[in-house]
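# Structural overview for review
Here is what each chain is made of, one letter per residue.
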Amino acid sequence: MPHDPRLDPEMAAALAADPLPPTVLHSLDREELAALRAARADAALPPPADGVLVTDHRLPGPDRVRVRFYRPREAPSRPLPCLVWIHGGGMVLGTPEMDDARVSAYVLEAGCAVASVDYRLAPEHPHPAPVEDCYRALRWTAERAGALGVDPERLAVGGISAGGGLAAATALLARDRGGPPLVFQLLLCPMLDDRNSTASSKEFTEAVTWPRANNLYGWSALLGPLAGGDEVPPYAAPARAADLSGLPPAYVDVGELEVFRDECAQYALRLIAAGVSTEFHLWPGAFHGFDGVLPRLSLPRRAAGEQIAVLRRALGGPTI
């Protein structure tokens, strides 16, 4: 993208020295999308931390959705709080493994377990498949709490980007279906609104990551011809929810220089107006997913530190 003077100077210098390869989705057909998924699956990713034990489980049912479960190798004897985590990828890409390093930090520094959902992807599996997979994973975690060593009274849901939107939708489903009860929702630059009508959704036709065209592609894959219309349910696009009361406390963050900026700010304000205790953080000079792309720089480290701090507070984990 052209240089934006608002871009954080340290991140701008890093990107100038080592530009990110663009992810172009808007012209891909299904075969090309499958090839992109395969290429990403073969890419080297940071492994889980040494102090984290990882096991894979399959949810009951014909589709056998996978849940990747993380806990400290030296876990205390008492049950751990648990974060049900949902990866990003615009509804069309991604696996739990892409977040191995991120959730390892949550496990070790926030003192929790994590159940990461390998939900089915659009367009092969449009709404409601992805969010129903996430809700099923939440229910499975609650029902298997004893075997997993987690505390069913300290469950949270969280995710990033598309996963953040699915986490918000999962919280809505848990409220409306009578559980499992949640103590927190961690919504990192969440993908919330299929209408793409905010100022920021129109501004970033070019972006460091995730421009408007990619966002339109992701929503179209999930919703087909319903995208942007009047018939989209809130469990597909949480910004559509008329009533946000009765939801668990939330942390919402987003970058200044991204498509999701305005819809995230509006959602946070609506949560607050509905009586939901909410912390909102707009990261100045930041682009979509900046904390995962450039994790060693100052602003991403601040963002990661805030995530750990809010999880500790919400889940009753160890304090600094």
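So, a few notes on the structure that sits alongside this text. (Residues numbered from 1 in each chain as written. Predicted model: local features only at pLDDT ≥ 70, side-chain atom pairs only at ≥ 80, totals over all residues. Heavy atoms only, no water.)

### A short note on the overall build of the protein chain
- The secondary structure content of the protein chain amounts to 11 helices and eight strands.
- Expected size for 320 residues packed as a compact globule is a radius of gyration near 20 Å; at 18 Å, the protein chain falls within 12% of this value.
- Counting all 320 residues of the protein chain, 53% fall into the buried class.
- In the protein chain, 76% of the contacts between residues at least 6 apart in sequence involve partners at least 24 apart.
- Roughly 13400 Å² of accessible area belongs to the protein chain as shown, and the carbon and sulfur atoms make up 55% of that amount.
- Charged side chains in the protein chain number 30 positive and 39 negative. The centres of these two groups are separated by 5 Å. (Helix = DSSP H or I, 4+ residues; strand = E, 2+ residues; numbered from the N terminus. Rg over C-alpha atoms; globule rule 2.2 N^0.38 Å. Buried < 20%, exposed > 50% of the residue type's maximum accessible area, 1.4 Å probe, protein only. Contact = heavy atoms within 4.5 Å. Areas by Shrake-Rupley, 256 points an atom, 1.4 Å probe, with all protein chains shown as cover. Lys, Arg positive; Asp, Glu negative; His and termini not counted. Charge placed at Lys NZ, Arg CZ, Asp CG, Glu CD.)

### What about the nonpolar core?
- One finds W85, Y106, V114, L186 and Y267 to be the most contacted residues of the largest nonpolar core, which totals 103 residues.
- It is helix α6 (residues 162-176) that provides the largest number of residues to this core, a total of nine residues. (Core = buried A, V, L, I, M, F, W, Y, C linked by side-chain atoms within 4.5 Å.)

### Regarding the packing of aromatic side chains
- By the definition in use, this model includes two aromatic pairs.
- Considering the side-chain rings of W283 and F290, the 6.2 Å spacing of their centres and the 55 degrees angle between planes classify their relative orientation as tilted. Judged on exposure class, the residue W283 and its partner F290 are both buried.
- Across from the ring centre of Y135, 5.0 Å away, lies the NZ or CZ of R177, which sits over that ring. (Phe/Tyr/Trp six-rings, centres within 6.5 Å; stacked < 30°, edge-to-face > 60°. Lys NZ or Arg CZ within 6 Å of the ring centre and 35° of its normal.)

### A look at the sheet that holds strand β5 (residues 150-160)
- Taken in spatial order, the eight strands of this open sheet run β1-β2-β4-β3-β5-β6-β7-β8, and their pairing is mixed. Taken across any chain shown, the strands that pair with only one partner, and hence form the sheet edges, are β1 (52-58) and β8 (278-283). Mean inter-strand twist for the sheet, computed between neighbouring axes without regard to direction, equals 15 degrees.
- The pairing of strand β3 (residues 80-86) with strand β4 (residues 113-118) spans five bridges and is parallel. Opposite L83, over in β4, you have V114 as the bridge partner. (Pairing = 2+ DSSP bridges. Axes fitted to C-alpha atoms, helices over the stretch in contact; angles between N-to-C directions.)

### Digging into the pattern of salt bridges
- Applying the stated criterion across every chain, the model contains 23 salt bridges.
- For R120, the salt bridge is made with D63, and the minimal N-O distance between the two is 3.9 Å. Of this pair, R120 sits in the loop between β4 and α4 (129-143) while D63 sits in the loop between β1 and β2 (66-72), and the two are 57 residues apart along the sequence.
- By relative accessible area, D63 is classed as partly exposed at 30%.
- E279 is the salt-bridge partner of R313, the closest N and O atoms lying 2.9 Å from each other. Placement of the pair is R313 in helix α11 (residues 298-315) and E279 in strand β8, with a sequence separation of 34 residues.
- Connected through shared salt-bridge partners, D56, R66, R68, E97, D100 and D118 make up one network. (Salt bridge = Lys/Arg side-chain N within 4 Å of Asp/Glu carboxyl O.)

### What about the environment of G165?
- Within the fold, G165 resides in helix α6.
- The exposure class of G165 is buried, given its relative accessible area of 3%.
- In sequence terms G165 and A239 are 74 residues apart; their C-alpha atoms lie 9.0 Å from each other.
- In this structure, G165 is in contact with P190, M191, L192 and P238, ignoring residues within four places of it in sequence.

### Digging into helix α1 (residues 9-17)
- Within α1 the residues assigned to the buried category are M11, A12 and L15. In an axial view of α1, the angular spread of the buried residues amounts to 105 degrees, which keeps them on one side of the axis. In α1, the exposed positions angled more than 90 degrees off the buried face are occupied by P9, A16 and A17.
- Buried residues belonging to α1 abut α10 (290-293) and α11. (Arc of directions from axis to C-beta.)

### Examining the packing of α4 against α6
- Orientation of α4 relative to α6, taken along the N-to-C sense of each, is 60 degrees, at an axis distance of 9 Å. Viewed along their axes, α4 and α6 form a crossing whose handedness is right-handed. Between α4, through P130, V131, C134, Y135 and L138, and α6, the contact on the second element is made entirely by L166, A169, T170, L173 and A174.
- Considered class by class, the residues forming the contact of α4 with α6 number nine nonpolar, one polar and no charged. (Left-handed = near helix turned anticlockwise from the far one by under 90°. Nonpolar A, V, L, I, M, F, W, Y, C, P; charged D, E, K, R; others polar.)

### Describing α11
- With 18 residues, α11 should reach 26 Å at 1.5 Å per residue; the first-to-last C-alpha distance of 26 Å fits that figure.
- Where α11 is concerned, the buried positions are L299, P300, A303, Q307, I308, V310, L311, R312 and L315.
- One or two steps after α11, the chain reaches G316, where phi turns positive at roughly 70 degrees. (Expected span 1.5 Å × (residues − 1).)

### Observations regarding the packing of helix α3 (residues 100-110) against α11
- Two elements in contact, α3 and α11, have axes separated by 10 Å at closest approach and are oriented at 50 degrees. Judged on the interaxial angle alone, α11 and α3 are oblique. Crossing hand, α3 versus α11: right-handed. Only Q307, I308, L311 and R312 of α11 make contact with α3, whose side of the interface consists of R102, A105, Y106, E109 and A110. (Parallel < 35°, antiparallel > 145°, perpendicular 65-115°, else oblique.)

Read these as geometric descriptors, not functional statements.
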